[in-house]
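Single-letter residue listing:
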Amino acid sequence: MLGPPKYAYEPAVLSGELLHVSGQISRTAAGEVLGGRLGADADVAAGVAAARVSALNLLARVDDAVGLENVVRVLKLNAWVNSTPDAIQQPEVVDGASRLLIDVLGDAGRHARTALPAPTLPQGALVELDAVITVRS
């Protein structure tokens, strides 16, 4: 269980059959933020590990909101990777999250995706993800 957010927002909002999941950073279950910047003090392997942790947090929010068994399809995954201006491997990093979603949800985890650099992320996180998911009503 991730607990409630610190700020004034909902971790997930259901509207009809669409579940909008708020941004999930690369924070482990122990509370450690996997941080750094791609191209500076973090390489692609560290980014992939951080993306997988963010994806696990996203799945935990989905499970809390509607139950993983009610996921019909992950429609869109948006991802930001804390990066230096010259780092260009964001797609490789975010593939860690994409592959985890497919491993856990099967074909329902296949999604459209955006993988963008960010000059900084909350709490120094290396990766942040949000998603739009179709669920059974």
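In what follows, the structure referred to is the one given above.
Residues numbered from 1 in each chain as written. Predicted model: local features only at pLDDT ≥ 70, side-chain atom pairs only at ≥ 80, totals over all residues. Heavy atoms only, no water.

Caption draft 1: Quick look at the overall build of the chain. In terms of regular secondary structure, the chain is built from two helices and five strands. Counting helices and strands in the order they occur from the N terminus, the chain gives β-β-α-β-α-β-β. Relative to the 2.2 N^0.38 estimate, which gives 14 Å for 137 residues, the radius of gyration of the chain is 14 Å and therefore close to what a compact globule would have. By sequence separation, contacts in the chain at least 24 residues apart represent 81% of the contacts at least 6 residues apart. Element-wise, carbon and sulfur atoms account for 54% of the exposed surface of the chain, whose accessible area totals about 7000 Å². Measuring between centres, the 11 positive side-chain charges of the chain sit 2 Å from its 15 negative side-chain charges. (Helix = DSSP H or I, 4+ residues; strand = E, 2+ residues; numbered from the N terminus. Rg over C-alpha atoms; globule rule 2.2 N^0.38 Å. Contact = heavy atoms within 4.5 Å. Areas by Shrake-Rupley, 256 points an atom, 1.4 Å probe, with all protein chains shown as cover. Lys, Arg positive; Asp, Glu negative; His and termini not counted. Charge placed at Lys NZ, Arg CZ, Asp CG, Glu CD.)

Caption draft 2: Layout of unusual backbone geometry. Residues other than glycine seldom take positive phi values, yet Gln123 does so here, at roughly 60°. Turning to its location among the elements, Gln123 is positioned in the loop between strand E4 (112-118) and strand E5 (127-135).

Caption draft 3: The environment of Thr28, seen in detail. Mapped onto the elements, Thr28 comes out in the loop between strand E2 (18-25) and helix H1 (44-65). Along the backbone, Thr28 and Pro122 are 94 residues apart, and their C-alpha atoms lie at a distance of 14 Å. If we skip the residues at most four places from it in the chain, Thr28 touches Leu34 and Val53.

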